[in-house]
2 protein chains.
Amino acid sequence: MAKLRERLERIVSEDPRAADLPGGPAGPGEKACLWRPEELFVYECDALTLTPSRPEIVVFPRSTEQVSRIVRECRTDGVPFVPRGAGTGLSGGAHAMPGSVVIELSRMRSILELDPHDRIAVVQPGVVNAELSRAAAPHGLFYAPDPSSQQACTIGGNVAENAGGPHTLKHGTTTNHVLALELVLPDGEVLRLGHRSAMAPGYDLVGVVVGSEGTLGIVTEVTVRLEPLPEGVETLLVIFADVVSACRAVGAIIRSGLVPSALEIVDQRTIAAVEDSVYAAGLPRDAGAVLIAELDGVARALPSQVERVRGLCADAGAQEVRIAEDDSQRALFWRARKGAFGAMGRLAPDLYVHDAVVPRVALPEILAQVCEIGDRYRLKLSNVFHAGDGNLHPNISFDRRDADELERVMAAGREILEVCVAAGGVITGEHGVGNEKREFIHLVFDEADLAAMEKLRDAFNPDGLCNPGKILPTPRACAEANPKTRGYDEVLQG
Amino acid sequence: MAKLRERLERIVSEDPRAADLPGGPAGPGEKACLWRPEELFVYECDALTLTPSRPEIVVFPRSTEQVSRIVRECRTDGVPFVPRGAGTGLSGGAHAMPGSVVIELSRMRSILELDPHDRIAVVQPGVVNAELSRAAAPHGLFYAPDPSSQQACTIGGNVAENAGGPHTLKHGTTTNHVLALELVLPDGEVLRLGHRSAMAPGYDLVGVVVGSEGTLGIVTEVTVRLEPLPEGVETLLVIFADVVSACRAVGAIIRSGLVPSALEIVDQRTIAAVEDSVYAAGLPRDAGAVLIAELDGVARALPSQVERVRGLCADAGAQEVRIAEDDSQRALFWRARKGAFGAMGRLAPDLYVHDAVVPRVALPEILAQVCEIGDRYRLKLSNVFHAGDGNLHPNISFDRRDADELERVMAAGREILEVCVAAGGVITGEHGVGNEKREFIHLVFDEADLAAMEKLRDAFNPDGLCNPGKILPTPRACAEANPKTRGYDEVLQG
């Protein structure tokens, strides 16, 4: 490994073209590789902290060519490699097995082009999601996918996980906004997929790479669509006595034909945690649930839509409707939602953010079951969720050092997924499968369906060296052919 | 072949479950197979009439199980098979080589489910596009993709070609509306891809099957998203002295941040053809170009948007702006656009509808070049196009029995595509690659990019029996391994 590390370091530090790279040469203190154990703590996991394990080397390429050369060196030595962005992923997609190399893309962070006429941006994978919208704002544009981690997460990571966010309801997930990609294949070859016109001929390989969690190659450039900033935005915060009424309001709003940009529900347990924290948003602590409804579009059309939403909420039993008077009040309303994960930090050292989808009509019943499961396993479980999409996020606060509690967390998680799938739902809405849920994909697809996915993966990543152990179990044949990828399953299971 | 035909006939006519199928048993006169040469004329081509060739057998399955059994029988005999819907495709995607079997899906035409609450429909592939919207209308819903052939084309064909239409500008193409598929693989296995929640875990195989032109398997069931019918619609017909001014207006409308549902331009040559035909729409015959702009959404928001569009058109030099006062006038406005292809039937027996995309800013210059190419080759060339998407449709009216003219049509077509790609465009916007443009895909992608597409195809369709000769050339290795697919290239080239 020391020899591989030296070769990887040379690829990055002795690149004769370093000065011409979009991000320029390495700054002071920017090492080409990290490898000392004490440097690697942060790379033991992403935001899924359940199964930490330490990679051997973390390398920081600064160009596509460097990524390609790094991949080829890893292959020469038969060493698995794992692409990584900001490490905010919630399903372990950037989880690296012992003996592997992490290819960390955070230093490929330039916006290469921003074309307001064609409404397109071309970015390196390490560009932070919120930075892109900030750069687009002076042109009256924004980048629509808005994961809760958008102040930290990168576009490359968003592509890997097909990230969504509160405004997915109206604007769709990452896959609806990516037009073209540059991809380094697991054999080091560099491809261009898709086209900035959104009308690439042939097979839609962009669509299949988005959401493939870094298992088909490493994305080194992303061409995205930008949207015009809406002329007007209206935000309502609606207080309900119970979560069932809030869900009923959401159903009525969707049925009415209105297309809100977001419909988010925060449950009573989350409200209490938020109000106890620095994110306190002035919510009544005894509220059963809060609905945040946002509408955007032509300014003149909004007042009548706000009145319709208000009326539908009243019919569903709303106790109080607040309407944001300005952007600062809008930000306050969103604090209850966006501050939820931060507020959980007060409850326990670890947070397991679950992610499952159910038909909207089943939301009230499933939520009751989810809470019952949490109580039965004596866990701190609360819910914030994208109600308009039927996308639940049951959050379990726990301490992974407590083996008994960890076991209860895992058992409760399995039951929650089973309940959601039994109701006609699926095991992930926007966080991906990663290593977290690869066993659970069987709940949704049968062997033949999964074999088709394996065919696809094996066509691009035949020996499984590229981000092994994600989405689907590493095929037996490959694990036997390459013992270095076998250990991963053992780590996860052991 | 006679023996294969008898086996295929038995699969369809002797199905013990026929009475329980969604479409019921075969009606009087509904044969299981056609095979006599005089019965097969219509199957010699789809709407691309350049290279007719006659299949051996056309079989009409009535269920997924029958499709699977038919595919297995074809494989047993090593016979290529081609799925087909209404035959309205414009790139030869349903083109069948001599010695092949056409699997015609028009008798799988039931709407299996229409769920207004979840806004989903589950349909068989032979359901006609416009029929689905008619069935959804009583629930206040519609199916958004609207190819010009929507009164005839089927959802299965739309999925194969990732069909678009005038309203693609706002609503996206077919791929944005398909949630799940049932697919019969080229080996007869039946898979379910995607999920009605739109949030299927794992690789997005739905995305890659949409637009794969029947080369990865045969789609036997489609779950689509339905959209709420807009509260209001406004349609403007704007007359310009020349097409450059019309394009300038489109650029200004897009830059303004407005999101019209359609922005279509009809050129002077098309106006003349339409006004000479039964589709006459009352347009001034000397108009240089007509822009049809449609806006939809919340009714109250529309008047101000109409005024903005009117103002931007006036600034761009509009001679006259007409605003539809009711649905019948709206239909009249659209006749100039939707009747264009029909009107062309007066000019010559054949029509080659081209399809290419250029950056919007390049539209005026490229249109001038396209017309120059048509004139230089002494061809009847006219343009109707999705201006908002930069999606050109140069239409060449010709007589394929005139060998010299046919040669000029082909040479002009090649030049048009080269000009569009040189301007930063692509070779197809919504009609697919088919057998028409598989040589031209090299203009957009290099060998490595195409090799990745081949990897994907070969993973699902390893011996190339399933719709050979589409999108990419049949790989040499496969053609050698299976001489029966080799003939196809010879037909196309010979």
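Rules and cut-offs
Residues numbered from 1 in each chain as written. Chains lettered and ligands numbered in written order. Predicted model: local features only at pLDDT ≥ 70, side-chain atom pairs only at ≥ 80, totals over all residues. Heavy atoms only, no water. Helix = DSSP H or I, 4+ residues; strand = E, 2+ residues; numbered from the N terminus. Rg over C-alpha atoms; globule rule 2.2 N^0.38 Å. Buried < 20%, exposed > 50% of the residue type's maximum accessible area, 1.4 Å probe, protein only. Areas by Shrake-Rupley, 256 points an atom, 1.4 Å probe, with all protein chains shown as cover. Lys, Arg positive; Asp, Glu negative; His and termini not counted. Charge placed at Lys NZ, Arg CZ, Asp CG, Glu CD. Contact = heavy atoms within 4.5 Å. Buried area = accessible area lost by both parts, 1.4 Å probe. Salt bridge = Lys/Arg side-chain N within 4 Å of Asp/Glu carboxyl O. Polar contact = N/O pair within 3.5 Å; in protein donor to acceptor, adjacent residues only side chain to side chain. Nonpolar A, V, L, I, M, F, W, Y, C, P; charged D, E, K, R; others polar. Expected span 1.5 Å × (residues − 1). Axes fitted to C-alpha atoms, helices over the stretch in contact; angles between N-to-C directions. Parallel < 35°, antiparallel > 145°, perpendicular 65-115°, else oblique. Left-handed = near helix turned anticlockwise from the far one by under 90°. Pairing = 2+ DSSP bridges. Least-squares fit on C-alpha atoms with pLDDT ≥ 70 in both. Phe/Tyr/Trp six-rings, centres within 6.5 Å; stacked < 30°, edge-to-face > 60°. Lys NZ or Arg CZ within 6 Å of the ring centre and 35° of its normal. Domains from an automatic or database assignment. pLDDT = per-residue confidence, 0-100.

(A) Here's a closer look at the overall build of chain A. Across its full length, chain A holds 16 helices and 19 strands. At 23 Å, chain A has a C-alpha radius of gyration in line with the 23 Å of a compact globule built from 494 residues. Oriented by its inertia axes, the alpha-carbon framework of chain A measures out at about 65 × 55 × 45 Å. In chain A, buried positions account for 62% of the 494 residues. Of the roughly 17500 Å² of accessible surface on chain A, 51% is carried by carbon and sulfur atoms. Charged side chains in chain A number 50 positive and 69 negative. The centres of these two groups are separated by 2 Å.

(B) The arrangement of the interface of chain B and chain A in detail. The interface of chain B with chain A comprises 66 residues on the first partner and 66 residues on the second. Counting each side, the surface lost to burial between chain B and chain A is near 5200 Å², with a carbon and sulfur contribution of 65%. Summed over the shared surface of chain B and chain A, the number is zero salt bridges. Between chain B and chain A we count ten residue pairs in polar contact (both at pLDDT 80 or more) in total. Looking at the side of chain B that touches chain A, the elements that each hand over two or more residues are strand S9 (190-194), helix H6 (205-209), helix H7 (243-255), helix H9 (302-315) and helix H14 (447-460) of chain B. The greatest single-element share of the side of chain B that touches chain A, amounting to nine residues, is contributed by H14 of chain B. Tallied by class, residues from the side of chain B that touches chain A come to 33 nonpolar, 18 polar and 15 charged.

(C) Local environment of H14 of chain B. Helix length check: H14 of chain B, at 14 residues, gives a terminal C-alpha distance of 20 Å against a target of 20 Å (1.5 Å per residue), a fit within 8%. Residues of H14 of chain B that are buried in the fold lie against strand S9 (190-194), helix H6 (205-209) and helix H14 (447-460) of chain A together with H6 of chain B.

(D) Main features of the packing of helix H1 (residues 2-13) of chain A against helix H2 (residues 64-76) of chain A. Residue and element names in this part refer to chain A. Where H1 contacts H2, the axes come no closer than 10 Å and their chain directions differ by 165°. Compared by their axis directions, H1 and H2 come out roughly antiparallel. Seen from above, H1 lies across H2 with right-handed handedness. Taken together, the residues of H2 that come into contact with H1 (itself represented by Leu4, Arg7, Leu8, Ile11 and Val12) are Gln66, Arg69, Ile70, Glu73, Cys74 and Thr76. Its residues placed into classes, the contact of H1 with H2 shows six nonpolar, two polar and three charged.

(E) Local environment of the pairing of strand S13 (residues 262-267) of chain A. Residues and elements named next belong to chain A. Counting buried residues in S13 gives six out of six residues, a clear majority hidden from the surface. Residues of S13 alternate between two faces, with Ala262, Glu264 and Val266 on one and Leu263, Ile265 and Asp267 on the opposite face, all of them buried. The pairing of S13 with strand S18 (residues 380-386) spans three bridges and is classified as antiparallel. Bridge pairing in S18 places glutamate 264 opposite histidine 386.

(F) Up close: the relation of the copies chain B and chain A. Superposition record for chain B on chain A: RMSD 0.0 Å, screw rotation 180°, translation along axis 0.0 Å. Taken together, the rotation angle and the small translation identify this as a two-fold axis. Of the C-alpha atoms belonging to chain B, the one lying closest to the rotation axis is found on alanine 301 of chain B, 2.4 Å away.

(G) Focus on the sheet that holds strand S5 (residues 111-115) of chain A. Residues and elements named next belong to chain A. One open sheet holds the five strands; their spatial order is S5-S6-S10-S8-S9, and the pairing between them is antiparallel. A single partner strand is all that each edge strand has here, and the edge strands are S5 and S9. Averaged over all pairs of adjacent strands, the angle between strand axes in this sheet comes to 10°, irrespective of strand direction. Seen against the sheet, H2 touches strand S8 (178-184), S9 and strand S10 (218-225) and runs at an angle of roughly 45° to S8.

(H) Up close: the sheet that holds S9 of chain B. All names here are of chain B. One open sheet holds the five strands; their spatial order is S5-S6-S10-S8-S9, and the pairing between them is antiparallel. The strands lining the two open edges of the sheet, one partner per strand, are strand S5 (111-115) and S9. The average angle at which neighbouring strand axes cross in this sheet is 10°, direction not considered. Its contacts with the sheet put helix H3 (residues 129-136) on S5, strand S6 (120-123) and strand S10 (218-225), and the angle it makes with S5 is roughly 40°.

(I) Spatial organisation of the packing of aromatic side chains. Enumeration over the complete set of coordinates arrives at zero aromatic pairs over all chains. Taking the ring centre of phenylalanine 60 of chain A as reference, the NZ or CZ of arginine 107 of chain A above it sits at 4.1 Å.

(J) Spotlight on unusual backbone geometry. Positive phi values are uncommon outside glycine, yet glutamate 213 of chain A reaches one of about 55°. If you trace the backbone, glutamate 213 of chain A turns up in the loop between H6 and S10. What makes glutamate 213 of chain A buried here is its relative accessible area of 4%. One non-glycine residue, asparagine 467 of chain B, lies in the positive phi region at around 50°. By the secondary structure assignment, asparagine 467 of chain B is in the loop between H14 and helix H15 (476-481). A relative accessible area of 2% places asparagine 467 of chain B in the buried class.

(K) The packing of helix H12 (residues 363-376) of chain A against helix H13 (residues 403-422) of chain A, seen in detail. All names here are of chain A. The interhelical angle for the contact between H12 and H13, taken along N-to-C directions, is 165°, at an axis separation of 10 Å. With respect to each other, H12 and H13 are oriented roughly antiparallel. Of the two elements, H12 crosses H13, and the hand of that crossing is right-handed. Within the contact between the two elements, H12 uses Ile366, Gln369, Val370, Ile373 and Arg376 and H13 uses Ala412, Glu415, Ile416, Val419 and Cys420. The residue makeup of the contact of H12 with H13, split by class, is seven nonpolar, one polar and two charged.

(L) Up close: the domain arrangement of chain A. Here chain A is described as being made up of domain 1 (2-104), domain 2 (111-228), domain 3 (232-342), domain 4 (348-422) and domain 5 (438-493). Each of domain 2 of chain A and domain 4 of chain A was reduced to a C-alpha centroid, and the two centroids are 30 Å apart.

(M) Seen up close, the pattern of salt bridges. One pass over the structure, following the stated rule, counts 57 salt bridges over all chains. Salt-bridge contacts for glutamate 307 of chain A lead to arginine 310 of chain A; the nearest nitrogen and oxygen are separated by 3.3 Å. With glutamate 307 of chain A and arginine 310 of chain A both in helix H9 (residues 302-315) and three residues apart, this pair spans about one turn of that helix. Linking arginine 269 of chain B and aspartate 375 of chain B is a salt bridge whose minimum nitrogen-to-oxygen distance equals 3.3 Å. One end of the pair, arginine 269 of chain B, is in helix H8 (residues 268-275); the other, aspartate 375 of chain B, is in helix H12 (residues 363-376), with 106 residues separating them in the sequence. Each of the salt bridges in this network shares a partner with another, and the network as a whole consists of Glu30, Arg62, Arg107 and Arg109 of chain A.

(N) Region of interest: the environment of alanine 293 of chain B. Residues and elements named next belong to chain B. You can see alanine 293 is positioned in strand S14 (residues 289-297). Between the alpha carbons of alanine 293 and asparagine 162 there is a distance of 23 Å; along the sequence they are 131 residues apart. Apart from residues lying up to four places away in sequence, alanine 293 is in contact with Glu234, Thr235, Leu236, Ala262, Leu263 and Val309.

(O) View of H12 of chain A. All names here are of chain A. Helix length check: H12 (14 residues) gives 20 Å between terminal C-alpha atoms against 20 Å at 1.5 Å per residue, within 8%. The set of residues buried in H12 consists of Leu363, Pro364, Ile366, Leu367, Val370, Cys371, Ile373 and Gly374. Turning to H12, the residues buried within the fold contact helix H7 (243-255), helix H8 (268-275), S18, strand S19 (391-398) and H13. Where H12 terminates, the next one or two residues include arginine 378, which has phi positive at roughly 55°.

(P) Examining the side chain of histidine 354 of chain A more closely. Position of histidine 354 of chain A among the secondary structure elements: in the loop between strand S16 (350-353) and strand S17 (356-357). Residues within four places of histidine 354 of chain A in sequence aside, it is in contact with Leu392, His393, Pro394, Asn395, Ile396, Gly413, His431 and Glu436 of chain A.

(Q) Seen up close, the confidence of the model for chain A. Residue and element names in this part refer to chain A. Per-residue confidence for chain A gives a mean pLDDT of 92, with 96% of residues at or over 70. Here residues 476-494 scores under 50 on pLDDT; set against residues more than four positions off or in separate chains, the count is 35 contacts. In the predicted assembly, ipTM is 0.89 and pTM is 0.92.

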